[in-house]
Amino acid sequence: MPALTPPVCDFGVPAPDFSLRGTDGRIHTLQSCRGPNGLLVMFICNHCPFVKAVIDRIVRDCRELATLGVGSVAIMSNDTVAYPDDGFDNMARWAKELDFPFPYLLDDSQAVGRAYGAVCTPDFFGYNAALELQYRGRLDASQREAAPPGARRELFEAMRQIAATGQGPRDQVASIGCSIKWRS
């Protein structure tokens with residue numbers, strides 16, 4: 001399975017709206033997920049080794065971002081027929097096991113993943129308070145294995161800057177991960 005890299009940040013692009021069912025049984029929208037200082041939209045899935053390598057760091061960073069007024073949401077856009085490990089019941093189990101501090105949403109139609117231009121898992125989109133894109137980079141230097149414990153927390157630092165200033169860093173390193181599994 002080849003790793004894919006998303007494009008660089010297209011600063012200022014507005015966040016596409018969404019309304020998706022979460023593993024908590026509720027419907028979540030762009031407005032319900034945002035925080036007063038920004039929003040982190042993450043495309044993840046259960047089976048991807050790149051996501052598995054960093055999921056604990058994602059959970060840690062999202063907990064900390066919430067204290068800075070940044071909301072977080074994870075969206076799963078993979079084809080669940082071809083990849084049953086990513087099915088809704090498995091999503092719900094994983095969210096509960098890891099105590100996700102963010103909604104984990106199923107994009108069954110794949111329309112939201114396409115609207116955002118999601119390429120891989122994980123794929124991160126960091127928005128300011130006006131919901132303008134300011135970050136499209138990686139979590140940290142992790143790949144299929146987690147980076148060393150002292151690795152720079154690039155996503156967290158970028159979102160902290162966005163929360164404080166409304167502007168993301170100009171230098172960003174793209175994320176890397178497994179391709180989104182689109183239906184044919």
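Scroll up for the structure.
Presented here is an overview of the structure given in this document. (Residues numbered from 1 in each chain as written. Predicted model: local features only at pLDDT ≥ 70, side-chain atom pairs only at ≥ 80, totals over all residues. Heavy atoms only, no water.)

### Quick notes on the overall build of the protein chain
- Of the regular secondary structure elements, the protein chain holds five helices and ten strands.
- A globule of 184 residues ought to have a C-alpha radius of gyration of about 16 Å, and the protein chain, at 15 Å, matches this closely.
- Across its three principal axes, the protein chain shows a C-alpha extent of roughly 40 × 35 × 30 Å.
- By the burial criterion, 53% of the 184 residues in the protein chain qualify as buried. (Helix = DSSP H or I, 4+ residues; strand = E, 2+ residues; numbered from the N terminus. Rg over C-alpha atoms; globule rule 2.2 N^0.38 Å. Buried < 20%, exposed > 50% of the residue type's maximum accessible area, 1.4 Å probe, protein only.)

### Details of unusual backbone geometry
- The amide bond that connects Thr 121 to the next residue, Pro 122, takes the cis arrangement and shows omega of 0°.
- Positionally, Pro 122 belongs in the loop between β7 (120-121) and β8 (123-127).
- Even without glycine at this site, Asp 99 takes up a positive phi of about 50°.
- Relative to the helices and strands, Asp 99 resides in the loop between α3 (88-97) and β6 (104-106).

### A few points about the packing of helix α2 (residues 49-67) against helix α5 (residues 154-165)
- Running from N to C, α2 and α5 point in directions that differ by 15°, and their axes come no closer than 10 Å. In terms of orientation, α2 and α5 fall into the roughly parallel class. Pair α2 / α5 crosses with right-handed handedness. Contacts from Asp 61, Glu 64 and Leu 65 in α2 reach Phe 156, Met 159 and Arg 160 in α5.
- When grouped by side-chain class, the residues that make up the contact of α2 with α5 number three nonpolar, no polar and three charged. (Axes fitted to C-alpha atoms, helices over the stretch in contact; angles between N-to-C directions. Parallel < 35°, antiparallel > 145°, perpendicular 65-115°, else oblique. Left-handed = near helix turned anticlockwise from the far one by under 90°. Contact = heavy atoms within 4.5 Å. Nonpolar A, V, L, I, M, F, W, Y, C, P; charged D, E, K, R; others polar.)

### Topic: the sheet that holds strand β2 (residues 19-22)
- The mixed open sheet is built from seven strands, whose spatial order is β3-β2-β6-β5-β4-β8-β9. Every interior strand has two partners, whereas the edge strands, β3 (27-29) and β9 (133-135), have only one. Along the sheet, successive strands turn relative to each other by an average axial angle of 40°, direction set aside.
- Sheet strands touched by α2: β4 (38-43), β5 (70-76) and β8. Its angle to β4, the strand with the most contacts, is close to 165°. (Pairing = 2+ DSSP bridges.)

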